[in-house]
Amino acid sequence: VMKLNPQQAPLYGDSVITVQLTEEDKVEDDVVFYLVFTGSTVQHCTSTRKINPGSLETISPGHDCCETVKVALCASREGHPVLVVAQESFQFVQDEVYDAAQFLATCAGNQQALNFTRFLDRSRPPAADMDFWDEKLALAFRHLKLPAEWNVLGADQSVSENIPRETLMHFAVRLGLLRLTWFLLQKPGGRGALSIHNTEGATPVSLALERGYQKLHQLLTEKEAKEPDSWSTLSHIVHSGAYNVKHHHGLDVYMLTTEA
């Protein structure tokens, strides 16, 4: 039996999983271990990295629904067949960050809801926590299946530019969420949101300046702004099509996803 820690991960994936090997599985250096996650409609295969002879590390893949899946630990060695050495179950769950992303995405143009998000600013968590939230929210937003017509400014595009209002971009900038801001900038309405004033006359750009968020202000004002360094802490799609491959730079782990 192998031990997975933790035994569950959020739907959007990208969290670290540690695999404790049993005595008999601690083998020579030339053995390569993979984890295969089998869900009801999709299957993932992840590479692993050895931390020590008894444990491996990998990254949880993003999954398509909340469910318990089977995880097989496979060992391969040149010139030998691939062996399944252990099996365990694992759960994909919808966490509060995913709920928050869904809420924010659906209330993109809803003033009542966006004004409600401003209370977060008054009870702002410490910067280290904001960085954690930024990473998780960006992952969750990226994982949402946003409709093709989705817009950062909400569905009602006829709203005149001059009407003061709160936008999702104000929300992301006010909390200093660099990765989420970058994500929104790539979406329809993202750039347009930068020049919209709220009822206090603040634009996302002026908020970034006023709060001293230099990197964020740079991101919003530079012509050819590059993606923020922190974006690279998330896994990146290296191939998409009939199957998807993602690479996580931090652990140098690959994740392959196919229809089961």
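Residues numbered from 1 in each chain as written. Predicted model: local features only at pLDDT ≥ 70, side-chain atom pairs only at ≥ 80, totals over all residues. Heavy atoms only, no water.

### Examining the domain arrangement of the protein
Domains assigned within the protein are domain 1 (3-94 + 234-259) and domain 2 (96-227). When each unit is reduced to the centre of its C-alpha atoms, the spacing between domain 1 and domain 2 is 33 Å. Taken together, the contact pairs 12 residues of domain 1 with 13 residues of domain 2. When the two sides are added together, the surface that domain 1 and domain 2 hide from each other amounts to roughly 1,100 Å², 59% of it contributed by carbon and sulfur. Three residues stand out in domain 1 for area buried against domain 2, namely Tyr12, Gln94 and Leu234, and they jointly supply 65% of the buried area on that side. At the junction of domain 1 and domain 2, the tally comes to zero salt bridges. By residue class, the composition of the side of domain 1 that touches domain 2 is three nonpolar, seven polar and two charged. (Domains from an automatic or database assignment. Contact = heavy atoms within 4.5 Å. Buried area = accessible area lost by both parts, 1.4 Å probe. Salt bridge = Lys/Arg side-chain N within 4 Å of Asp/Glu carboxyl O. Nonpolar A, V, L, I, M, F, W, Y, C, P; charged D, E, K, R; others polar.)

### What about unusual backbone geometry?
Between Asn5 and Pro6 the backbone carries a cis peptide bond, its omega angle lying at -5°. Its location among the elements puts Pro6 in the loop between strand E1 (3-5) and strand E2 (8-10). For Asp14, which is not glycine, the phi torsion reads 70° and is therefore positive. Relative to the elements of secondary structure, Asp14 occurs in the loop between E2 and strand E3 (16-20). Of note in the backbone geometry, Asp252 takes a positive phi value of approximately 55° without being a glycine. (Helix = DSSP H or I, 4+ residues; strand = E, 2+ residues; numbered from the N terminus.)

### Here's the deal with a nonpolar patch on the surface
On the surface, a cluster of nonpolar side chains totalling about 360 Å² of accessible area is made up of Phe103, Phe116, Phe119 and Leu120. Judged by its relative accessible area of 48%, Phe116 is partly exposed. (Patch = residues over 30% accessible without salt bridge, like charges linked within 9 Å, V, L, I, M, F, W, Y side chains within 5 Å. Areas by Shrake-Rupley, 256 points an atom, 1.4 Å probe, with all protein chains shown as cover. Buried < 20%, exposed > 50% of the residue type's maximum accessible area, 1.4 Å probe, protein only.)

### Overview of the pattern of salt bridges
Scanning the model with the defined rule gives eight salt bridges in all. Between Glu57 and Arg49 there is a salt bridge, with the nearest N and O atoms lying 3.1 Å from each other. Of the residues examined, Arg49 reaches a relative accessible area of 36% and is grouped as partly exposed. Among the ionic pairs, Arg118 bridges to Glu166, the shortest N-O distance being 3.6 Å. One end of the pair, Arg118, is in the loop between helix H2 (111-116) and helix H3 (119-122); the other, Glu166, is in the loop between helix H4 (127-143) and helix H5 (168-174), with 48 residues separating them in the sequence. Glu166 matches Arg118 in its accessibility class, with the two residues each being buried. Connected through shared salt-bridge partners, Arg118, Glu166, Arg174 and Glu200 make up one network.

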